[in-house]
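A closer look at the structure
Residue strings, one per chain:
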Amino acid sequence: MKSNTMILHTAALLIMPLQLMFSIFLLFRGHDEPGGGFIGGLVAAGAFVLYAFAFGAEAARRILRAGPRDLLGAGLLLGLASTLPALFSGQPMLTAHWWELPLPGGDYLKLSTPLIFDIGVYFAVLGTIMTFVIGLMESEE
Amino acid sequence: MLLAVLSGFLLALFAPLLHRVAGKYIGWLLSLLPASLAVYFSTFLSQVQDGPLLLEYQWLPGLGISLNFLVDGLSLTFALLISGIGTFILIYAGSYLAGHKYLARFFVIMLSFMASMLGLVLSDNLITLFVFWELTSITSYMLIGFNHEDLEARKCALQGLFVTVAGGLALMAGLIMLAIMTDSYSLSAILASSDPIHQHVFYTGAVLCLLAGAFTKSAQVPFHFWLPNAMAAPTPVSAFLHSATMVKAGIYLMARLNPALGEGELWTMMLMGFGAVTMLTGAWFAFSSTGIKKVLAYSTVMALGTLTMLIGVGTELAMTAFICFLVAHSLYKGALFMLAGALDHETGTKDITRMGGLRKSMPVTATIAVFAALSLAGLPPLFGFIAKELMLEALLDAPLWSSLLLVATVTSAILIVGVAGLVAIKPFFGAPGNTPKAPHEAPFGMLVGPAVLTIIALAFGLMPFIPENVLFKAAVASVHGTPVDFHLALWHGINMPLILSGVSLVVGLLLFRAWPSIQPGLNAVNFAGSRVGPEAGYFKVMEWITVVASWQTRLLQNGVLGIYMLVLVAVTFGLAGYTMLDQYGVHFTLNLADSHFYEWGIALLLVASAVFASGTHSRLGSVASMGVLGFGVALTFILFSAPDLGITQLLVETLTVILLVLVLFKLPEFVNLSTPFQRYRDLAVSVFAGVVITLMMLAVLDIQYFESISSYYVENSAPLAYGRNIVNVILVDFRALDTLGEIFVLSLAALGVLSMLKLKAEDQHKP
């Protein structure tokens, strides 16, 4: 399935980068404001689905770089990886760990296992939806 | 001790690697483990003289499950038999299966099996005992079906698995009842508290369940048929399973629990009755079979029956006889099985009738076989003689059914003397037989095991005070519950047991002389009996299971999605609605005073889109109106200040519509296939579900069983988790484990869809 309308092509090319940036913005601000890995992943999936509608499943695969199932696997691995710090320090599973990195200009970059976990959720959601959509689109061809 | 038990599993992991390094010496290399385990276990010998030892390791302290090990005379006897015989079996297997393409796999399963067996006999906790019990069932299934390309082997393996696992279920129930009765899952505590058990209301049920487990595992009549069929396994497996391990697990369990459950009439009579019948059945079939492995397998059934019967008799003498016979049987049966394998390996046949005069070409095999068979027949100076004399003596003064048991035992002893002739005289002496392969002596690796086991049996016979003082006193004490004073000797003077022994020897030899002429007749009798025997019953049950399974599959998995939905919805809401009516009733307060006009607008929109979606004939229209419904819900979330939910709902709704549209392309034209009745029925169920969920929602607003935990999240989100967005903090921190589970479910769903699409695509490619 591939659309030939110029409007969709142009719109997809314009909207997709914005949507992806927005999804990453949602992902990172999620801890304090509405957003998070789940919502971010859905928005990112929306961007790729739009692209797939405009240019076909093959093109969507190319622009994704990694296969949708690899994204799934990466998401699950990240989710599991975030359990490791607690495991090694003998705490209950998934106890949060925080690290603050000083940035030039006196600010701090807050990194944490919940963030890693959230990125895992992001990829798992993105991978799931892209597996559905690309799988369905390819099965038509 | 923990390491000792688990080391078999660990080594199993590395067996394939070691196989690559060690090549044909793999058997010798791996046998170092059981050998060193045997040495390790023998360091406990002096300690168990003073009473049982409890070695404690925590496993799941929260559930009260510990990995404690109980080391006393009984468990140590078994542990030494398993590791000792295991050593020789591994050496033997390396030689017997040399060049087999799955040799590494064999050792992986064999080592795991051995470790499970050790865990089973050493566990103090009932749950861990059960886990190891089931592990032996599973690993022995893989061992019996090792030649998995052979249909017969697979069938026999499955039969063994079904019988033992069915018994395993009963065993689990029995163990749980035992734990309830004594309020402890620890064997050492249960054995210490014998008194309250007999009066308990569960006593009968527990005994029946436990015995069902033990009888199936130890092949007591009527479950004996799986054991001879398990001969489909390679010989090293049979030798190990039948001498010291698998089938003895049930015997171990009965002996282990005897101090707690014994002295009850039910226990005594069940064990004596089933044991005696099994003993006779085994002896009869052993004498009437022609395959050398079948003969030995049925003689194992005989031995298992004898052991069960001796536990049932329960006197001090009987327990002494039990331990002696247990050890004697393990020694000679291990040796004879390995020799039978050597015969099969070097002559190319298992059929005794085709063997003869092999003593010239296989002198070493013949010598060992004669000595092992002497122990089997219970002749001096082998240890089997001591065991048999003790057994007859114990039966002579059995408190119950003494003469009956004595007749059965002497009869089976006569038959077993004949069997000993079959395995030691028939193949090696007399006229040369007609074997497919030109016979020659078996290699060293296949003879060392039988030789050592037979030498031990001879040494124990000549010097019975050694095992008596080192181990047997402690072992008999743990089976009997209290210390027993006894003295083993080869020569007791001329007494009743000796006379009975002599009679059985003479009659047995006469029977052996007559065997070639009467065997076909015996065989015909067995064939006629097999139509109504327990094995025929097993096949009937299996057939019946298949019939029921296909009937209920047709009923429940009929493939009509609409029916699935209907059943799911009706059952879920039926149960939920019933519970609500029962616990709460139908009452609610509906306060519409402070509702706004736009809330009414959204509600109207929701209802209208739902009605349209269910009524329309256009699929696209239906999907679109479902989208409208979803957006309406999202609006509601946003109105009631749940922006995260609102956003998520919007996105999910959008993507759902996209996915549905993609699927719609694949569907055929809309056709109305349902009858009006079906449509009204579906409508009724949907309305019912809607009403129930509405009432439940209203009820939720009114009652609160527990204090809401949301205040906890609101207060602690920022200070504990450094986040102001409570929803996200709950998702990735407070309840991150749930989320982790969810993303795994999500991934599984994705893979499921993908494989369904792939399957579909492959179907279409087929002509």
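Only a predicted model underlies this, so the values are computations on that prediction, with no experimental measurement involved.

1. Observations regarding the interface of chain B and chain A
Contact residues are listed per partner, giving 39 residues for chain B and 39 residues for chain A. Secondary-structure elements contributing two or more residues to the side of chain B that touches chain A are helix 27 (643-664), helix 30 (726-734) and helix 31 (736-765) of chain B. If you tally residues by element for the side of chain B that touches chain A, the top one is helix 31 of chain B, at 15 residues.

2. What about the nonpolar core?
Core analysis: the largest hydrophobic core is formed by 203 residues, its most contacted members being B:Leu310, B:Ala321, B:Phe322 and B:Val423. A per-element tally of this core places helix 16 (residues 316-347) of chain B first, with 21 residues. In this view, B:Val423 contacts B:Ile292, B:Val295, B:Leu296, B:Leu336, B:Ala369 and B:Ala373; residues no more than four positions away in its chain are not counted. Among the nonpolar cores identified, the runner-up in size contains 54 residues, and A:Ala47, A:Leu115, A:Val121 and A:Met130 belong to it.

3. A few points about the domain arrangement of chain B
Taken domain by domain, chain B comprises domain 1 (272-523) and domain 2 (560-705). For domain 1 of chain B versus domain 2 of chain B, the distance between C-alpha centres works out to 75 Å.

4. Topic: the pairing of strand 2 (residues 108-112) of chain A
Across five bridges, strand 1 (residues 98-102) of chain A lies against strand 2 of chain A in antiparallel orientation. Opposite A:Leu101, over in strand 2 of chain A, you have A:Leu109 as the bridge partner.

5. Points about the packing of helix 7 (residues 151-182) of chain B against helix 10 (residues 203-217) of chain B
When two helices pack together, their arrangement is given by the angle between the helix axes and the distance between those axes. Residue and element names in this part refer to chain B. Packing of helix 7 against helix 10 leaves a shortest axis separation of 7 Å and a crossing angle of 150°. Note on packing geometry: the crossing formed by helix 7 with helix 10 is left-handed. Of helix 10, the residues touching helix 7 (which contributes Val163, Thr164, Ala166, Gly167, Gly168, Ala170, Leu171, Ala173, Gly174, Met177, Leu178 and Met181) are Gly205, Ala206, Cys209, Leu210, Ala212, Gly213, Phe215, Thr216 and Lys217. Looking at the contact of helix 7 with helix 10, its residues break down into 13 nonpolar, seven polar and one charged.

6. Regarding the environment of B:Asn672
All names here are of chain B. Structurally, the position occupied by Asn672 is in the loop between helix 27 and helix 28 (676-702). You can call Asn672 exposed: it has 8 C-beta atoms within 10 Å. The sequence separation of Asn672 and His617 amounts to 55 residues, and the corresponding C-alpha distance is 8.8 Å.

Calculation rules
- Residues numbered from 1 in each chain as written.
- Chains lettered and ligands numbered in written order.
- Predicted model: local features only at pLDDT ≥ 70, side-chain atom pairs only at ≥ 80, totals over all residues.
- Contact = placed C-beta atoms within 7 Å.
- Helix = DSSP H or I, 4+ residues; strand = E, 2+ residues; numbered from the N terminus.
- Core = buried A, V, L, I, M, F, W, Y, C linked by C-beta atoms within 7 Å.
- Buried ≥ 20, exposed ≤ 12 C-beta atoms within 10 Å, placed from the backbone.
- Domains from an automatic or database assignment.
- Pairing = 2+ DSSP bridges.
- Axes fitted to C-alpha atoms, helices over the stretch in contact; angles between N-to-C directions.
- Left-handed = near helix turned anticlockwise from the far one by under 90°.
- Nonpolar A, V, L, I, M, F, W, Y, C, P; charged D, E, K, R; others polar.

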